Amino acid sequence: EAGVTQSPTHLIKTRGQQATLRCSPISGHTSVYWYQQALGLGLQFLLWYDEGEERNRGNFPPRFSGRQFPNYSSELNVNALELEDSALYLCASSPGVGRGDNQPQHFGDGTRLSIL
Amino acid sequence: AQSVTQPDIHITVSEGASLELRCNYSYGATPYLFWYVQSPGQGLQLLLKYFSGDTLVQGIKGFEAEFKRSQSSFNLRKPSVHWSDAAEYFCAGNSGGYQKVTFGTGTKLQVIP
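These numbers were taken from a predicted model, which means no experiment stands behind them.

Draft legend 1. Broad picture of the overall build of chain B. Within chain B, the regular secondary structure consists of zero helices and twelve strands. Sequence-ordered secondary structure for chain B, helices as α and strands as β, is β-β-β-β-β-β-β-β-β-β-β-β. For 113 residues, the compact-globule estimate of 2.2 N^0.38 gives 13 Å, and chain B sits close to it at 13 Å. Taken along its principal axes, the extent of the C-alpha atoms in chain B is 45 × 30 × 20 Å. Within chain B, the fraction of its 113 residues that count as buried is 46%.

Printed below as a string of structure tokens:
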């Protein structure tokens, strides 16, 4: 069974640009979560999607947005990039709402976003 | 507020020594609790999970954790640490009802020969 896959592995952008990060969940999982892991700040929850809808959002500005596609894959978009957006962005998936709310999340290896 | 706390930022142990990583939780009811491990530059791997029942939970890679309601703790243990266990460890909790998972700030484990 394939795990959670994220692309690209690394992404280098400059201030003001826009970045798009992609995530494919484990087959059969409908929930996708996005986290930001900046140096020294731990995992910060960004977004949670299930069945194409945004279920919850962390304390991030609106320039962080995303969507979930009918095949349950997801995109995270970050507009007007700032230096402090440099971080490892992790995607996780779980079976989803109505399929056991206590199921753990399974993580991808992340996208390293560097802002120059 | 619902939270998970890892009081130790960094721990150093000798190879072959026992290990205990601390995790305290603050939830109104018994939460669902997890331990994850993260190697440098990689994602998080689930070590073990606690939902209910037996308070001693066995996980992968020889790890175990014990849920103690009286102490609001869910500490991770391993009887004999290997050099390959050097990584960052995250405790996480979920109150159920489709609420988001809360992660602790992590404990970085260093293993010395």
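Draft legend 2. Inspection of the side chain of B:Gln38 at higher detail. If you trace the backbone, B:Gln38 turns up in strand S5 (residues 32-38). B:Gln38 gets classed as buried once you look at its relative accessible area, which sits at 7%. Among the polar contacts listed, one links the side chain of B:Gln38 to the backbone oxygen of B:Gln42, at a separation of 2.7 Å. Ignoring anything within four residues of it in the chain, the contact list for B:Gln38 reads A:Gln37, A:Leu88, A:Leu90, B:Gly43, B:Leu44, B:Ala87, B:Glu88 and B:Phe90.

Draft legend 3. Summary view of the nonpolar core. Ranked by internal contacts, the top residues of the largest apolar core, which has 26 residues, are B:Leu19, B:Trp35, B:Leu47, B:Leu48, B:Phe74, B:Leu76 and B:Tyr89. Mapped onto this core, the elements with two or more residues apiece are strand S2 (10-14), strand S3 (19-21), S5, strand S6 (44-50), strand S8 (64-68), strand S9 (73-78), strand S10 (87-94) and strand S12 (107-112) of chain B. Each residue touching B:Leu48, except ones within four places of it in the same chain, is listed here: B:Leu33, B:Phe34, B:Trp35, B:Val57, B:Gln58, B:Gly59, B:Phe63, B:Glu64, B:Ala65, B:Phe74 and B:Leu76. In terms of nonpolar packing, the next biggest core, distinct from the first, is built from 22 residues, A:Leu11, A:Phe60, A:Tyr89 and A:Leu113 among them.

Rules used throughout
- Residues numbered from 1 in each chain as written.
- Chains lettered and ligands numbered in written order.
- Predicted model: local features only at pLDDT ≥ 70, side-chain atom pairs only at ≥ 80, totals over all residues.
- Heavy atoms only, no water.
- Helix = DSSP H or I, 4+ residues; strand = E, 2+ residues; numbered from the N terminus.
- Rg over C-alpha atoms; globule rule 2.2 N^0.38 Å.
- Buried < 20%, exposed > 50% of the residue type's maximum accessible area, 1.4 Å probe, protein only.
- Polar contact = N/O pair within 3.5 Å; in protein donor to acceptor, adjacent residues only side chain to side chain.
- Contact = heavy atoms within 4.5 Å.
- Core = buried A, V, L, I, M, F, W, Y, C linked by side-chain atoms within 4.5 Å.

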